[in-house]
Amino acid sequence: SRLTRNIRTFPMKLMQTLSSPHSSDVIKWLEHGRAFMIVDAKEFERVTMPKYFTHLTFFKSFLRQVNMWGFKRITHGKDAG
């Protein structure tokens, strides 16, 4: 339907955020391109979330969405964080 084509899912919004040069100081792809990292969580919550994730108010809510969509936190190795 026409309505569902206009709905952007969380992963689509995340990809748009990661692709924006304006967001690279707070969220970015890791060098190998298989994972991303949030560089500055407070700034991400204050500036980036209202722009790309209008339905989320708090960083904790963003993390909940990340987990709900099956993203995993890297806990070992040089990319851990």
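None of these values were measured; they are calculated from a predicted model.

Moving on, we come to the nonpolar core. Counting 13 residues, the largest nonpolar core has Phe10, Leu14, Phe44, Phe53 and Phe62 as the members making the most contacts within it. Those elements that place two or more of their residues in this core are helix 2 (10-19), helix 3 (41-52) and helix 4 (59-68). Setting aside its immediate chain neighbours within four residues, Leu14 contacts Ile27, Phe36, Phe53, Phe62 and Phe71.

This part takes up the environment of Gly70. In this structure, Gly70 sits in the segment after helix 4. As a C-alpha pair, Gly70 and Asp40 span 30 residues in sequence and 22 Å in three-dimensional space.

Another aspect to go through is the packing of aromatic side chains. Under the definition given, this model contains eight aromatic pairs. When the centroid spacing of 6.0 Å and the interplanar angle of 25 degrees are considered together, the rings of Phe59 and Phe62 count as stacked. Of the two residues, Phe59 and Phe62 both sit in helix 4, three residues apart, roughly one turn of that helix. One aromatic cluster is present, formed by Phe10, Phe44, Phe53, Phe59 and Phe62 through successive ring pairs.

Okay, the pattern of salt bridges next. Applying the stated criterion across every chain, the model contains one salt bridge. A salt bridge links Arg46 to Glu43, with the nearest nitrogen and oxygen atoms 3.0 Å apart. Of this pair, Arg46 and Glu43 are both found in helix 3, three residues apart, which corresponds to roughly one turn of the helix. Exposure remark for Arg46: the relative accessible area of 57% places this residue in the exposed category. Glu43 gets classed as partly exposed once you look at its relative accessible area, which sits at 25%.

Conventions used here
- Starting from 1, residues in each chain are numbered consecutively following that chain's sequence as written.
- Note on the predicted model: pLDDT of at least 70 is required for a residue's local features to be given, and 80 or more for side-chain atom pairs to be given and counted; whole-chain, interface and lining totals, by contrast, use all residues.
- The side-chain figures draw on all heavy atoms in the structure; neither hydrogens nor water molecules are used.
- Grouping buried Ala, Val, Leu, Ile, Met, Phe, Trp, Tyr and Cys residues that are joined through side-chain atoms within 4.5 Å yields what is termed a nonpolar core.
- When a residue's accessible area, from a 1.4 Å probe over protein chains only, is under 20% of the maximum for its type it is buried; when over 50% it is exposed; and in between it is partly exposed.
- Every helix listed is a DSSP run of H or I at least four residues long, and every strand listed is a run of E at least two residues long, numbered separately from the N terminus.
- By definition in these notes, contact holds between two residues if any of their heavy atoms fall within 4.5 Å.
- Stacked, edge-to-face and tilted are the three classes for Phe, Tyr and Trp ring pairs, Trp counted by its six-membered ring, which pair at centre distances within 6.5 Å; planes under 30 degrees apart are stacked, over 60 edge-to-face, the rest tilted.
- For salt bridges, the criterion is a side-chain nitrogen of Lys or Arg within 4 Å of an Asp or Glu carboxyl oxygen.

Honestly, that's just the spatial picture; any functional story needs more than this.
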